[in-house]
Amino acid sequence: VGESAALGVEPRALPLIEILPAPEPAAVAAAFAAVAAAADAQPLLVFVSPNAVAGFFDAAARARGAPAWPAHAWAAATGPGTVAALRGHGVPEARIVAPPVQAGQFDSEALWSAIAGWPWAGRPAWIVRGNGGRDWLGAQLRDAGADVRVVQSYARAAPVLAAPERALLEAALAEPARWIWMFSSSEAIDHLQALAPQARWGAGRALASHPRIAERARALGFGAVTIVAPLPAAVAAAVAGIGAR
């Protein structure tokens, strides 16, 4: 939000997904311990989002105290926000792998392009995520011979809007052409539809961080949807372009 404001965008936050702690912190701690014990295997933990990172380290800390990142372990991230979260939790830059920022695409497919050539036979890999979600990357890893496990580091749920958030939603619904929505999750769009089932979005404009999310926004009825990289500068440029039309 701060970076967007510095680039001339006035952002307003409307949480459309409630983030909950890991339902089984002991399972997260056990995964961390297994990674630490696999010194000869060059284990990999794949974090699907900043929330996955925060939930993982928070749960591990609650279960066994603040853990240090094992020097032999790798952390994989699907995008720059997740990379920043990993750095913030003490993971060394040299042990993080992610799609390059200039790639412009930040998803499982882009991450797999960066690691597909690694030796995978018998290598332990953990997918760190919330409840549900795609298993595409896990399937690629299994097909390559990796020993894949899944650990849930947080949970997602439909939000319950507080009064200020409800007022913000109603303001956006009252003047849809004045607002530009930024979506980074198809699930968030599902929740928006549930919160405002009678809304008509034909005059609405939206930015989406991935083609699948853009498809969901169009299916809801948004009249104009632009795909944009989830980077502050890219979002600011897209907002400026929409505003100039």
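See the structure above.
Keep in mind that what you see is a predicted model, and the values were worked out from it rather than measured.

Criteria and thresholds
Residues numbered from 1 in each chain as written. Predicted model: local features only at pLDDT ≥ 70, side-chain atom pairs only at ≥ 80, totals over all residues. Heavy atoms only, no water. Pairing = 2+ DSSP bridges. Helix = DSSP H or I, 4+ residues; strand = E, 2+ residues; numbered from the N terminus. Right-handed = clockwise from strand over helix to strand, strands pointing away. Contact = heavy atoms within 4.5 Å. Axes fitted to C-alpha atoms, helices over the stretch in contact; angles between N-to-C directions. Core = buried A, V, L, I, M, F, W, Y, C linked by side-chain atoms within 4.5 Å. Buried < 20%, exposed > 50% of the residue type's maximum accessible area, 1.4 Å probe, protein only. Phe/Tyr/Trp six-rings, centres within 6.5 Å; stacked < 30°, edge-to-face > 60°. Lys NZ or Arg CZ within 6 Å of the ring centre and 35° of its normal.

On to the pairing of strand E6 (residues 147-152). Where strand E5 (residues 124-129) lies against E6, six bridges are found, and the strand directions are parallel. When the sheet's bridge partners are listed, Ala125 is paired in E6 with Val148. For the crossover that starts at E5, traverses helix H6 (residues 136-143) and ends in the parallel E6, the hand is right-handed.

The subject of this paragraph is the sheet that holds strand E3 (residues 74-77). Pairing in this open sheet of five strands is parallel, and the strands run E4-E3-E2-E5-E6 from one edge to the other. The open sheet has two edge strands, strand E4 (96-97) and E6, and neither has a second partner. Alignment of strand E2 (residues 44-47) against E3, held across four bridges, turns out to be parallel. Across the sheet, Leu44 pairs through a bridge with Trp74, a residue of E3. Where helix H2 (residues 25-37) meets the sheet, it contacts E2, E5 and E6, and its direction lies at approximately 145 degrees from that of E6. Each of E2 and E5 is contacted by helix H3 (residues 50-64), which is oriented at about 125 degrees to E2, the strand it contacts most.

As a further point, take the environment of Phe222. Relative to the assigned elements, Phe222 resides in the loop between helix H9 (211-220) and strand E10 (224-227). A C-alpha to C-alpha distance of 31 Å links Phe222 and Trp112, two positions 110 residues apart in sequence. If near-sequence neighbours (up to four positions away) are discounted, Phe222 is found in contact with Trp181, Phe183, Leu192, Trp201, Gly204, Arg205, Ala206 and Ala217.

Residues Leu45, Phe47, Phe56, Phe57, Trp69 and Leu86 are the most contacted members of the largest nonpolar core, which totals 26 residues. Those elements giving two or more residues to this core turn out to be H2, E2, H3, E3, helix H4 (80-88) and E5. Among the elements that take part in this core, H3 stands out by supplying six residues, more than any other. Among residues more than four places away in sequence, those in contact with Trp69 are Phe32, Leu45, Phe47, Phe57, Trp74, Ala75, Gly90, Val91, Pro92 and Arg95.

Let's shift gears to the packing of aromatic side chains. The tally for this structure, following the rule as stated, stands at 14 aromatic pairs. Relative to Phe56, the ring of Phe32 lies with its centre 5.5 Å away and its plane at 25 degrees, an arrangement referred to as stacked. One end of the pair, Phe32, is in helix H2; the other, Phe56, is in helix H3, with 24 residues separating them in the sequence. Assigned by exposure class, Phe32 and Phe56 land together as buried. The ring centre of Trp74 lies 4.1 Å from the NZ or CZ of Arg95, which sits over that ring.

A few words now on the pairing of strand E8 (residues 180-183). Only one face of E8 is covered, namely the one carrying Trp181 and Phe183; the face carrying Ile180 and Met182 has none of its residues buried. As judged from the four bridges shared by E8 and strand E9 (residues 205-208), these two strands associate in the parallel manner. Within E9, the residue paired with Ile180 across the bridge is Arg205. In the classification by handedness, the crossover that spans E8, the intervening helix H8 (residues 186-195) and the parallel E9 is right-handed.

Any functional reading would require information beyond the geometric quantities listed.
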